[in-house]
Amino acid sequence: MEFFQNLNWMMLLKCFIVGGLICIIGQLLIDKTKLTPARILVIFVTTGAILGGLGWYEKLVEFAGAGATVPLTGFGNTLAKGAIEDVTKFGLVGAFTGGIKAAAGGIAAAVFFGYIASLISKPKMKKQ
Amino acid sequence: MNPLDTKKDYQEYVNKKSPNSPTLKNCFKAFIVGGFICSIGQVIMEYCKYRGLDKTLSSTIVSIILILISAFLTGLNLFNKIGKFAGAGSLVPITGFANSIVSPAMEYKSEGYVMGVGAKMFTVAGPVLVFGISASILVGIIYLIFNTQSITLV
């Protein structure tokens, strides 16, 4: 319980607001454009990777913590950050190894848990 | 005011209001749910740091836990109910990525475990990985070019 007493409530508030605002951008893309959810996710990842490459996204991560890392832009940022990190260590080959290395946990978890969850699911025969 | 006028006024009022209000309401819902999901992530992250893990590992653990939760919520047909309410609020966080893997895989389960589940998992996640990874490689190469320039200048 000591953990909850030491919880940084200000950080949690910033996280909530920034995370919520990023989701509002997504909602506006859904409502105001004819983009499919798949395209929106692609846009978010790519944007995150570009902002991460410029080093801007990291500032948002410092400000909002999980509010910036949990949205899919954070996934793009992790990929770009990893690529840059490995490029500084290993040169050109780092551009190919760094991204996935940094995002490995998320990708592996998504593939593995995704497959398991699909296996145990009961498909509902309801066409939209 | 006679009834016709009131009705006309009302119609005008509805026309003026109706195109705007769903978006506003959707945005509010997306904000609340999206913010809430990120806050769950933040609490997990703080707990990992509290246990002495570093920042990178903490955020990886956050991703894994949120993916685990949303994958199984999708499998149990609960996530689509949240998604219907929240819109982008559950799509944009990493939970939406996990949901986008499980829901097509569930639908094509009847086509088998390899070409049904195994292949259809990536109908949405595939493009996300293709563009995300490609963008990161380009970022790395561009960084390399700028970096070597600065090295040769110094």
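Residues numbered from 1 in each chain as written. Chains lettered and ligands numbered in written order. Predicted model: local features only at pLDDT ≥ 70, side-chain atom pairs only at ≥ 80, totals over all residues.

**Digging into the packing of helix H3 (residues 55-75) of chain B against helix H6 (residues 94-107) of chain B**
Residue and element names in this part refer to chain B.
Argument step 1. Taken N-terminus to C-terminus, the directions of H3 and H6 make an angle of 35°; their axes are 8 Å apart at the nearest point. Regarding H3 and H6, the two cross each other, and that crossing is right-handed. Here Ser63, Leu66, Ile67, Ser70, Ala71, Thr74 and Gly75 of H3 come into contact with H6, specifically with Ile94, Thr95, Ala98, Asn99, Val102, Ser103 and Met106.
Argument step 2. Within the contact of H3 with H6, the residues separate by chemical class into seven nonpolar, seven polar and no charged. (Axes fitted to C-alpha atoms, helices over the stretch in contact; angles between N-to-C directions. Helix = DSSP H or I, 4+ residues; strand = E, 2+ residues; numbered from the N terminus. Left-handed = near helix turned anticlockwise from the far one by under 90°. Contact = placed C-beta atoms within 7 Å. Nonpolar A, V, L, I, M, F, W, Y, C, P; charged D, E, K, R; others polar.)

**Here we look at the environment of Tyr113(B)**
Argument step 1. Mapped onto the secondary structure, Tyr113(B) falls in helix H7 (residues 113-120).
Argument step 2. Separated by 15 residues in the primary sequence, Tyr113(B) and Val128(B) have C-alpha atoms spaced 22 Å apart.

**Here we look at helix H3 (residues 37-54) of chain A**
Residue and element names in this part refer to chain A.
Argument step 1. Taking 1.5 Å of rise per residue, 18 residues should cover 26 Å, and H3 covers 26 Å from first to last C-alpha, within 8% of that figure.
Argument step 2. When we look at burial in H3, the residues that qualify are Ile40, Leu41, Val42, Ile43, Phe44, Val45, Thr46, Gly48, Ala49, Leu51, Gly52 and Gly53.
Argument step 3. Immediately beyond the C-terminal end of H3, within one or two residues, lies Gly55, with a positive phi of roughly 85°. (Expected span 1.5 Å × (residues − 1). Buried ≥ 20, exposed ≤ 12 C-beta atoms within 10 Å, placed from the backbone.)

**A few points about the domain arrangement of chain B**
Size of an interface, as often reported, equals the accessible area lost when the parts are brought together.
Residue and element names in this part refer to chain B.
Argument step 1. Here the domain parsing of chain B yields domain 1 (3-120) and domain 2 (123-154).
Argument step 2. Taken residue by residue, the interface counts five residues in domain 1 and four residues in domain 2.
Argument step 3. Among the elements that line the side of domain 1 that touches domain 2, the one with the most residues is H6, at four residues.
Argument step 4. The residue inventory of the side of domain 1 that touches domain 2, partitioned by class, reads three nonpolar, one polar and one charged. (Domains from an automatic or database assignment.)

**Concerning the interface of chain B and chain A**
Argument step 1. Taken together, the 65 residues of chain B in the interface contact 66 residues of chain A.
Argument step 2. Elements that contribute at least two residues to the side of chain B that touches chain A include exactly helix H2 (21-50), H3, helix H5 (88-91), H6 and helix H8 (122-153) of chain B.
Argument step 3. Of the residues forming the side of chain B that touches chain A, the biggest block, 17 residues, is contributed by H2(B).
Argument step 4. Looking at the side of chain B that touches chain A residue by residue, the class counts come to 42 nonpolar, 20 polar and three charged.

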